[in-house]
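# Inside the fold
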Amino acid sequence: MASQDWFDKDFYKVLGVDKSVSAADLKKTYRKLARQYHPDSNPGDAKAEAKFKEISEAYSVLNDPEQREEYDQIRAMGSGARFSAPGASGGGFDDVFSRFGQQRGGSTSGPAGFEDFFSMFDQGGGGFGSGRFGQTTGGYRGYGGPQRGSDVTARTTIDFVTAAKGETITLQGEDNKPFKVKIPAGVSDGQKIRLRGRGRPSPDGGESGDIVVTVAVRPHPVFTRDGLNLRLTVPVTFTEAALGATIEVPTLGGDPVRLRVAPGTPSGRVLRVKGRGIQTSKGTGDLLAEVQVAVPTHLDDAAREALERFHELEPKENPRADLMAKAR
């Protein structure tokens, strides 16, 4: 669901990219900025933290083809158009549920009506169709029973940590009254949450419809989801991999953990930390740290001489011999 402040925010400018930027270049730019402004790289810097949240919000919208199309259309409408959205959502939500059908019980006449405004887009087949913004999905009538109220669809965006940990948020209802909704821990990108009885009322005394919220999750610059597991890549030096070492690895929203890197550990080996993944009512995942050996790019004379001596002493076996044999 579109956010009120999309009119006033230039997400392309925030990321420093052109409106025609490709998905690949957009992702590359975001990763560079995320590393630069991440709170872990700027401890105690409120401005850097605010900038990080700003670029994360911009990327979450522009990285989603549907949201990007909708954003471009909304921005093209200019600053003269506004949606009525009383109150604000909490818990990290970007969106506010507008007063769906605020003239409930009476007829909506004239071009200023809420439903008439959105029907213009639906008729033209534009980006606001298919339930993108407060779109009803229809009700049903049982045999001889009252008609069920229509469902209302919406979209909202939360950050990665909120999706992993869960949070209780406040939304604005159709009757302009706030109500609390529990976002479950471990909610995934694209998952739908159904709010029973919060949709359109029945026209003849039947059951009210639901609000169906599609949740978008902003990507994290370090962690990715693998079911209930969390994955990250951990760089280690050549000597740490060859001789073995104990290293610190970050966790999501918690203290770092110490991991033992065994002597002779190759790139790509995955070290597992039990119970430090996503925690849900259905189970708890692990933290999977993939080791990546970092090759030094600058060597002084003493380090180069030491490596050359090591090269003379290292085993003469060819590490690619097995590869070549299997390729024949």
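Each chain has its residues counted from 1, following the order in which its sequence is written. Two thresholds apply to this predicted model, a pLDDT of at least 70 for residue-level local features and 80 or more for giving and counting side-chain atom pairs, whereas whole-chain, interface and lining totals are computed over all residues. Values shown for side chains rest on all heavy atoms present in the structure; no hydrogens or waters enter the calculation.

### With respect to the overall build of the chain
Counting secondary structure elements, the chain contains 9 helices and 13 strands. Relative accessibility decides the category of a residue: with a 1.4 Å probe and only protein chains considered, values under 20% of the type maximum give buried, values over 50% give exposed, and everything between is partly exposed. By the burial criterion, 37% of the 328 residues in the chain qualify as buried. Residue contacts are defined here by distance: any two heavy atoms, one from each residue, within 4.5 Å place the two residues in contact. Here the contacts in the chain between residues at least 6 apart in sequence split such that 57% fall between residues at least 24 apart. Computed with a 1.4 Å probe, the accessible areas rest on the Shrake-Rupley method; for each residue, only the protein chains presented here act as cover. Accessible surface for the chain amounts to roughly 19,100 Å². Of this, 50% is attributable to carbon and sulfur atoms. Numbering goes from the N terminus for both helices and strands, where a helix is a DSSP run of H or I of at least four residues and a strand is a run of E of at least two.

### Re the pattern of salt bridges
Where charged atoms of side chains with opposite charge meet at close range, the side chains can pair. Salt bridge, as used here: a side-chain nitrogen of Lys or Arg that lies within 4 Å of a carboxyl oxygen of Asp or Glu. The final tally for this structure, using the stated rule, is 11 salt bridges. Across the salt bridge formed by D151 and R194, the nearest N and O atoms sit 3.2 Å from each other. Pair noted here: D151 is in the loop between α5 (114-124) and β1 (152-158) and R194 is in strand β4 (residues 192-195), with a separation of 43 residues, a long-range link. Take D151: its relative accessible area is 10%, and that puts it in the buried class. Here D210 ties to R194 by a salt bridge, and the two come within 3.0 Å at their closest N and O atoms. Taken together, the residues span a long stretch of sequence, with D210 in the loop between β4 and β5 (211-217) and R194 in strand β4 at a distance of 16 residues. One network of salt bridges, in which partners are shared, links R148, D151, R194, R196 and D210.

### Some points on a negative patch on the surface
Residues D300, D301, E305, E308 and E312 make up a contiguous surface patch of negative charge. Positionally, E305 belongs in helix α8 (residues 301-313). Taking the relative accessible area as the measure of exposure, E305 reaches 45% and is therefore partly exposed. Residues with no salt bridge and a relative accessible area higher than 30% make up the patches, which join like charges within 9 Å and nonpolar side chains (Val, Leu, Ile, Met, Phe, Trp, Tyr) within 5 Å. When charges are counted, neither His nor the chain ends are considered; positive counts come from Lys and Arg and negative counts from Asp and Glu. Positions of charges follow a simple convention, taking NZ of Lys, CZ of Arg, CG of Asp or CD of Glu.

### Side note on the sheet that holds β5
Strand order in this open sheet of 3 strands is β1-β5-β4, and the pairing throughout is mixed. Looking along the sheet, the strands with just one partner apiece sit at the ends: β1 and β4. Put simply, the sheet's adjacent strands are angled 25° from each other on average, direction ignored. Strand pairing follows a simple DSSP-based rule, namely that at least 2 bridges must link the two strands. The sheet contact formed by β4 and β5 spans 4 bridges and is antiparallel. Residue pairing in the sheet places I193 in a bridge with V213 of β5. Axes, fitted as lines to C-alpha atoms, cover a helix only where it is in contact. Angles between the N-to-C directions of the axes lie from 0 to 180 degrees.

### So, the pairing of strand β7 (residues 229-237)
Examined bridge by bridge, strand β6 (residues 224-226) and β7 share 3 bridges and lie antiparallel to one another. By the bridge assignment for β7, D226 is matched with N229. Both β7 and strand β13 (residues 287-294) contribute to a ladder of 8 bridges, which runs parallel. Along β13, the bridge assignment pairs R231 with L288.

### Quick word on the confidence of the model for the chain
pLDDT is a residue-level measure of predictor confidence that goes from 0 to 100. Averaged over all residues, the pLDDT of the chain equals 77, while 74% of them reach at least 70. This stretch, residues 79-136, has a pLDDT under 50; its non-local contacts, to residues over four places away or in other chains, come to 122 contacts. Below a pLDDT of 50 lies the segment residues 139-143, which in the model reaches 10 contacts outside its immediate sequence neighbourhood of four places, other chains included.

### Quick look at helix α2 (residues 23-37)
Residues three or four positions apart in an α-helix share a direction because the helix packs 3.6 residues into each turn. The span one expects for a helix is its residue count, reduced by one, times 1.5 Å. For α2, spanning 15 residues, the distance from its first C-alpha to its last is 21 Å, which sits close to the expected 21 Å at 1.5 Å a residue. Within the sequence span of α2, burial applies to L26, Y30, L33 and A34. Buried residues along α2 cover an arc of 105° about the axis, so they all sit on one side. Away from its buried face, by an angle of more than 90 degrees, α2 presents the exposed residues A24, K28, K32 and R35. Here the buried face of α2 lies against α1 (11-15) and α3 (46-62). This arc is taken over the directions from the axis of the helix to the C-beta atoms.

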